[in-house]
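One-letter residues, chain by chain:
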Amino acid sequence: METEKRPYHLVVFGASGFTGQFVAEEVARQQMSPVFQGSPLPWAVAGRNREKLMQVLKKAAEKLGRPTLPAEVDIIICDILNPASLEEMAKQAAIVLNCVGPYRFYGEPVVRACVENGASCIDICGEPQFLEEMYWKYHEKAAEKGLYIIGSSGFDSIPADLGVLFTRNKLKGTLTAVESFLKVNSGPEGMCIHDGTWKSAIHGFGDQKRLRSLRKQSNMKPLPVVGAKLKRRWPVSYCSELHEYSIPFMGADASVVKRTQRFLYENLQETPVQYAAYVTVGGLTSIIKLMFAGLFFLFFVKFNFGRQLLAKFPWFFSFGYFSEQGPTQKQMDESSFTFTFFGQGYSQDHTTKHGKPNVKICTQVKGPEPGYVATPIAMVQAAVTLLKDTSDLPKGGGVFTPGAAFSKTKLIERLNECGIEFSVISSSEV
């Protein structure tokens with residue numbers, strides 16, 4: 001990264017938003033870490049309202065015990081609706097951390113400004129349509145300028161994407177298929193998610209035709225299936241290893257992992273890994289609640305009026321899981337997540353990949369509250385890796401998934417040091 005030509009190594013755009021405030025706080029925390037001792041990390045916050053941005057810095061200063069922080073961090077005033085202001089922000093940044101969503105409405109102007117003005121960009125988007133569309137529109141332009149546009153670098157989808165790569169690297173042989181099971185743990189006060197995520201889901205499910213059309217137009221060949229084909233589970237299935245029921249995970253993880261596997265296969269000739277993502281939901285009572293909530297959601301999201309109702313009353317239609325206020329500090333402190341990966345493949349001395357897999361492995365990725373603790377950690381560590389591990393990045397730049405961009409870097413080690421822990425649970429030949 002050519003940071004010496006830019007006044008700021010990092011600019012947090014949307015720092016006064018619900019997630020952006022935690023990202024700004026995490027940048028301030030990392031600024032004091034041993035990684036940057038002797039090499040300063042100049043950074044700024046950006047957004048529409050100077051007073052709100054100052055309040056974010058004051059809050060971070062109080063939380064971190066750094067009273068001088070507001071005076072040390074610059075403020076850039078810019079607005080999605082003002083392209084010139086976005087361009088001015090991008091000209092000053094080596095990397096823009098874009099926290100402004102839903103990305104389908106607000107993401108592209110930031111990507112465009114960064115590509116046209118020589119800044120790399122990282123976002124925390126969990127919207128497959130936006131992520132895939134940005135690849136087709138800006139990959140070649142970003143590659144020409146040596147810039148890195150890296151999407152889905154928060155809880156969506158760093159734990160899943162890098163979890164698959166970690167599993168592959170730890171298997172003694174060739175990994176060919178992985179199933180992941182996400183479990184979100186909450187404390188006595190339960191869990192809550194800010195309604196920004198809810199709105200992204202509403203518009204994503206309401207416009208699936210566009211995503212299907214985009215994928216059809218891309219006309220990409222299917223990835224080869226190595227070894228036994230991974231069988232998809234039923235919409236509601238029982239995971240005997242975890243003793244819980246599970247349903248398919250409807251986030252961006254499957255899309256992101258597949259794009260990573262395509263990149264590694266086509267560019268590095270690595271064996272593609274089949275992947276399926278699930279989320280555990282406990283017992284039958286939870287299944288029944290989720291079925292009702294899902295049916296309500298899928299019915300209303302088909303119609304414009306229904307989407308308006310869903311967006312206006314997130315708490316009601318999500319059975320209290322989403323709200324305009326987001327989680328309390330206590331809810332965040334008591335929450336955590338666990339990704340469990342069950343992988344299968346073939347040992348090093350297994351010459352054919354057509355029979356039954358003869359090696360299994362189980363790994364985990366554990367971390368703190370996913371949305372507003374783990375996501376800022378993941379995003380900021382992705383930015384730190386982009387700054388520090390330049391020689392290990394894909395040559396030439398472009399639009400990447402986290403796994404494609406960081407597969408050869410020290411990002412997993414950095415995440416381990418910051419509380420997002422990757423570990424091997426078991427590995428055996430069968």
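Each value, and the rule that gives it
- Each chain carries its own residue numbering, running from 1 in the written order of its sequence.
- In keeping with the predicted nature of the model, local features appear solely for residues at pLDDT of at least 70, side-chain atom pairs appear and are counted solely at 80 or more, and the whole-chain, interface and lining totals rest on all residues.
- As a convention, hydrogens and water are excluded, and side-chain values are obtained from all of the structure's heavy atoms.
- Each helix is a run of DSSP H or I of at least 4 residues and each strand a run of E of at least 2, with the numbering of both proceeding from the N terminus.
- Radius of gyration: C-alpha atoms only; globule rule: 2.2 Å multiplied by the number of residues to the exponent 0.38.
- When a residue's accessible area, from a 1.4 Å probe over protein chains only, is under 20% of the maximum for its type it is buried; when over 50% it is exposed; and in between it is partly exposed.
- Residue contacts are counted whenever heavy atoms from the two residues lie within 4.5 Å of one another.
- Charged-residue counts in this description rest on Lys and Arg as positive and Asp and Glu as negative, His and the chain ends being excluded.
- A charge is said to be at NZ when it belongs to Lys, at CZ for Arg, at CG for Asp and at CD for Glu.
- Note on pairing: two strands pair once DSSP finds at least 2 bridges between them.
- With axes taken as lines fitted to C-alpha atoms, and helix axes fitted only over the stretch in contact, angles between N-to-C directions fall between 0 and 180 degrees.
- Each nonpolar core is a collection of buried residues, namely Ala, Val, Leu, Ile, Met, Phe, Trp, Tyr and Cys, held together in the definition by side-chain atoms within 4.5 Å.
- For Phe, Tyr and Trp, where Trp contributes only its six-membered ring, two rings pair if their centres lie within 6.5 Å, and the inter-plane angle classes them as stacked under 30 degrees, edge-to-face over 60, or tilted in between.

## Some words on the overall build of the protein
Line of reasoning, step 1. From N to C terminus, the protein includes 17 helices and 16 strands.
Line of reasoning, step 2. The C-alpha atoms of the protein give a radius of gyration of 21 Å, which matches the 22 Å a tight globule of 430 residues would have.
Line of reasoning, step 3. Structurally, the protein occupies a C-alpha span of about 60 × 50 × 45 Å along its principal axes.
Line of reasoning, step 4. Among the 430 residues that make up the protein, the fraction classed as buried is 53%.
Line of reasoning, step 5. Considering only intrachain contacts with a sequence separation of at least 6, the fraction spanning at least 24 residues in the protein is 80%.
Line of reasoning, step 6. Computing the positive centroid from 48 side-chain charges and the negative centroid from 41, the protein places the two 6 Å apart.

## Observations concerning the sheet that holds strand β5 (residues 120-123)
Line of reasoning, step 1. Read from one edge to the other, the open sheet built from 7 strands follows the order β3-β2-β1-β4-β5-β6-β15, with strand pairing classed as parallel. The sheet is open, and its two edges are formed by β3 (74-77) and β15 (398-400), each paired on a single side. Going across the sheet, the axis of each strand differs from the next one's by a mean of 20°, ignoring polarity.
Line of reasoning, step 2. As paired elements, strand β4 (residues 93-98) and β5 share 4 bridges and run parallel to each other. Directly across from I95, in β5, lies its bridge partner S120.
Line of reasoning, step 3. Contacting β1 (8-13), β4, β5 and β6 (148-150), helix α5 (residues 103-117) runs over the sheet at an angle of about 175° to β4.

## Focus on unusual backbone geometry
Line of reasoning, step 1. With omega at -5°, the peptide bond leading from G101 into P102 counts as cis.
Line of reasoning, step 2. With respect to the helices and strands, the residue P102 is situated in the loop between β4 and α5.
Line of reasoning, step 3. Across the junction of D156 and S157, the peptide omega takes the value 5°, indicating a cis bond.
Line of reasoning, step 4. Positive phi values are uncommon outside glycine, yet S152 reaches one of about 45°.
Line of reasoning, step 5. Considering the arrangement of structural elements, one finds S152 in the loop between β6 and α7 (158-170).
Line of reasoning, step 6. In this model, Q269 sits at a positive phi of 55°, which is unusual for a non-glycine residue.

## Section: the nonpolar core
Line of reasoning, step 1. Counting residues in each nonpolar core, the largest one holds 105 residues, and the members touching the most others are F13 and W43.
Line of reasoning, step 2. Among the elements that line this core, the one with the most residues is helix α15 (residues 370-388), at 10 residues.
Line of reasoning, step 3. Look past the residues within four positions of F13 in its chain and what remains in contact with it is A46, G47, C78, I80, L86, M89, V96, L97, N98, C99, V100 and V110.

## Overview of the packing of aromatic side chains
Line of reasoning, step 1. If you walk through the whole model with that rule in mind, you get 18 aromatic pairs.
Line of reasoning, step 2. With a centroid separation of 5.7 Å and 35° between ring planes, the pair formed by Y103 and F130 is classed as tilted. Taken together, the residues Y103 in helix α5 and F130 in helix α6 (residues 128-144) connect sequence positions 27 residues apart.
Line of reasoning, step 3. Judged by relative accessible area, Y103 falls into the buried class, the value being 5%.

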